[in-house]
Amino acid sequence: MFVRLFCTADGRKIAPYSKTENKIDVTGGIMTYIKFCDTTLRDGEQTPGVHFGTAQKLDITKRLSKMGVDIIEAGFPASSVGDAAAVRAVAEASGRGELHGDPVISALSRMIRSDIDAASEAISPANRRRLHIFIATSDIHLENKLKITREEALARIKENVSYAKGLGVFDEIEFSAEDATRTDPDFLIEAVRAAVSSGAGIVNIPDTVGYTTPDEFSRIVKSVRENVAGEFEISVHCHNDLGLAAANSLAAIEAGAVQIECTVNGLGERAGNAAMEEIVMALSVRGDVILSGGDKILCGINTREIAETSRMVSSISGVAVSPNKAIVGANAFSHASGIHQHGVMASRSTYEIMDPGVIGLSSNSIVLGKLSGRHAFADRAASLGYSLDTAGIDAAFARFKEIADKKSVITNDDVRAIIGEYLDGLSGMYYLNTFQIQSGNHIKAMALVSLKIQNGDSEGEIVTEAAPGEGPIDASFNAINRIAGADEAELISYNITAITEGTDALGEAKVKIKVGESVFTGRGVSTDVIKASIKAYLSAINKWKNVK
Ligand code: KIV
Ligand code: ZN
């Protein structure tokens, strides 16, 4: 059985209740509370090409808190000045009491004093503060990456966890043994003992490279539980390299883990992290079989916020959700074969194990049209979770008006795409002025593109170039490369999707370019697919030029 926090199955409130306990006595018996620690803003941001600015981190934080996430890992303050500022902004929002349910705010740190100080500085305004401090413990990492012995690793753990504890800033300290699943099991125990005896109250066991399997992971979690004395909670953090992140996380719950680290839509390094929506819905649908003896599981996530949160994270990160993605993919609740359709028409339970309404899926309602005013647009943006400033609303509303002139109805998905495009192109040097394409089935495509180049406060210079290509999109990208001196940029992915149906649908183009080792993403929307593609390409080029 699975129940949402604060409500019993029959809807009565449970109060008072402290989220720090993990066994709760409610009507129906003792339940195990599973905490969700969302790391979309930290590990999710490690997805190639994804970058969240402060405003974006704040919008996502507010949405995660509305969803009921217990801990929000806001970032890695020592990684950059920008990230430290973003973590601080999230902590300040918490300190001002702006976050629903008062989640714990966590910041990542290596076993280095300056990292701990940066985390402490960034997180101090938060109401509930956590340090997440990690060091690799596998021989592969110790020998090849850190180039230290096991003894040195133990010494670093003791010294830095004690130092963090002594600062008195953090309400809780989480220790992670990076690459735990490839660590010698005896040494893992030693590392965890060192962390717990120095003051860590949460022990995270990461499957950093997505290498473990449910049975093996269960044994690792149990061994830590049974061999380390002291008061601590076990957390797990699974990556999805073998597609087992959700399964491994569930196996860990059965073995005694009470905190799950995950990301929205499974964003994250390489194949990503465990997807929050998958684990929450597995607990919701199959909570009866997760804990041996049928013990009951409770968590604080409001499943009805899943769909909206997924869409927002996809829109802000620019990472599309694949149609066959469990729970939040466009096809997750659609039935194509005749036999399935017939069954579902007779009874939805034939082929559906969850009600789409439970994850908050509703039809993509028509919300705005060309007669809608700025106020209605601003209201809609706010209700979708975006907090744009006045200049942001003005700019996004201007785009909305342009699009509404060509497209009679504007849906929530269209509004998200318009705002996503605006957020994506916030700062840059190159702007589309005009373009002209010549293309056909018996001539080589030719594009004439004119860009406005904005340098500092200047009025902007218009530069025009023509270039041939293997079709209109390739030709226009080639013309842009000529203007922006971007021949070294390699286009590594390009796709265009229709946001809604119909010939006047808004097209959303997404591109990824690679320059050296760095990847930059861009997105553009328009009812004209070539224009959407040019805007997306320019947005990626602008991001590259910004870091140059
Ligand atoms: O995957 C990993 O090991 C991590 C740690 C920092 C917890 O992300
Ligand atoms: Zn990770």
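The preceding data block contains the structure.
Residues numbered from 1 in each chain as written. Chains lettered and ligands numbered in written order. Predicted model: local features only at pLDDT ≥ 70, side-chain atom pairs only at ≥ 80, totals over all residues. Heavy atoms only, no water.

Draft legend 1. Looking closely at the environment of D528. Position of D528 among the secondary structure elements: in the loop between β19 (518-526) and α16 (529-547). Considered as a pair, D528 and A505 are 23 residues apart in the sequence and their alpha carbons are 9.0 Å apart. (Helix = DSSP H or I, 4+ residues; strand = E, 2+ residues; numbered from the N terminus.)

Draft legend 2. Seen up close, the site of ligand 1. With respect to spatial proximity, the complete set of residues near ligand 1 consists of R42, D43, H132, F134, S176, E178, P206, T208, H237 and H239. R42 is positioned with one of its side-chain polar atoms (N or O) 3.0 Å from an oxygen atom of ligand 1. Of all the secondary structure elements, the ones that give two or more residues to the shell around ligand 1 are β6 (129-136) and β7 (172-178). Here the shell around ligand 1 is composed, by residue class, of two nonpolar, five polar and three charged. (Near = heavy atom within 4 Å. Polar contact = N/O pair within 3.5 Å; in protein donor to acceptor, adjacent residues only side chain to side chain. Nonpolar A, V, L, I, M, F, W, Y, C, P; charged D, E, K, R; others polar.)

Draft legend 3. Expanded view of the environment of C299. Within the secondary structure, C299 sits in strand β11 (residues 296-299). Owing to a relative accessible area of 0%, C299 belongs among the buried residues under this scheme. Along the chain, C299 and I205 lie 94 residues apart, while their C-alpha atoms are 20 Å from each other. (Buried < 20%, exposed > 50% of the residue type's maximum accessible area, 1.4 Å probe, protein only.)

Draft legend 4. Region of the structure containing the side chain of T303. Within the secondary structure, T303 sits in the loop between β11 and α10 (306-317). Note on T303: relative accessible area 10%, which makes it buried. Ignoring any residue separated from it by four or fewer positions in sequence, one finds T303 in contact with V280, M281, V358, I359 and G360. (Contact = heavy atoms within 4.5 Å.)

Draft legend 5. Spatial organisation of the pattern of salt bridges. Per the stated rule, a full pass over the model turns up 37 salt bridges. A salt bridge links R129 to D171; the nearest nitrogen and oxygen atoms lie 4.0 Å apart. Taken as a pair, R129 in strand β6 and D171 in the loop between α5 (150-167) and β7 lie far apart in primary sequence, 42 residues in all. On the basis of relative accessibility, which here comes to 19%, the residue R129 falls in the buried class. Since its relative accessible area comes to 48%, D171 is described here as partly exposed. Measuring nitrogen to oxygen at the nearest pair gives 3.9 Å for the salt bridge that ties E308 to R311. One end of the pair, E308, and the other, R311, are both in helix α10, three residues apart, so they sit about a helical turn from each other. (Salt bridge = Lys/Arg side-chain N within 4 Å of Asp/Glu carboxyl O.)

Draft legend 6. Spatial organisation of the coordination of the zinc ion (ligand 2). The protein atoms that coordinate the zinc ion (ligand 2) are D43 (OD), H237 (NE2) and H239 (NE2), at distances spanning 2.0 to 2.1 Å. For the zinc ion (ligand 2), all donor residues lie on one chain, and their spacing in sequence is D-x193-H-x1-H. Taken together, the residues D43 in the loop between β3 (29-38) and α1 (54-67) and H237 in strand β9 (residues 233-238) connect sequence positions 194 residues apart. (Donors = N, O, S within 2.8 Å, 3.2 Å for Na, K, Ca; no water.)

Draft legend 7. A look at the nonpolar core. In terms of nonpolar packing, the biggest core is built from 117 residues, with F36, F175, I205, V224 and M276 touching the most fellow members. No other element matches helix α6 (residues 185-198), which puts eight residues into this core. Ignoring any residue separated from it by four or fewer positions in sequence, one finds F36 in contact with V69, D70, I71, I260, C262, M276, I279, V280, L283, C299 and I301. If you look at the next biggest cluster of nonpolar residues, it comprises 30 residues, including A447, F477, Y537 and W544. (Core = buried A, V, L, I, M, F, W, Y, C linked by side-chain atoms within 4.5 Å.)

Draft legend 8. Structural view of the packing of α10 against helix α14 (residues 412-424). Running from N to C, α10 and α14 point in directions that differ by 35°, and their axes come no closer than 9 Å. Helix-helix and strand crossings are classified by hand; for α10 and α14 the assignment is right-handed. Between α10 and α14, the contacting residues are E308, R311, S315 and I316 on the first element and D413, R416, G420 and L423 on the second. Residue composition of the contact of α10 with α14, by class: two nonpolar, two polar and four charged. (Axes fitted to C-alpha atoms, helices over the stretch in contact; angles between N-to-C directions. Left-handed = near helix turned anticlockwise from the far one by under 90°.)

Draft legend 9. Seen up close, the packing of aromatic side chains. In the structure shown here, the tally under the stated rule is five aromatic pairs. Taken together through their ring pairs, the aromatic side chains of F377, F397 and F400 make up a single cluster. In this arrangement the basic side chain of R225 is found over the ring face of F232, its NZ or CZ atom lying 4.5 Å from the centre. (Phe/Tyr/Trp six-rings, centres within 6.5 Å; stacked < 30°, edge-to-face > 60°. Lys NZ or Arg CZ within 6 Å of the ring centre and 35° of its normal.)

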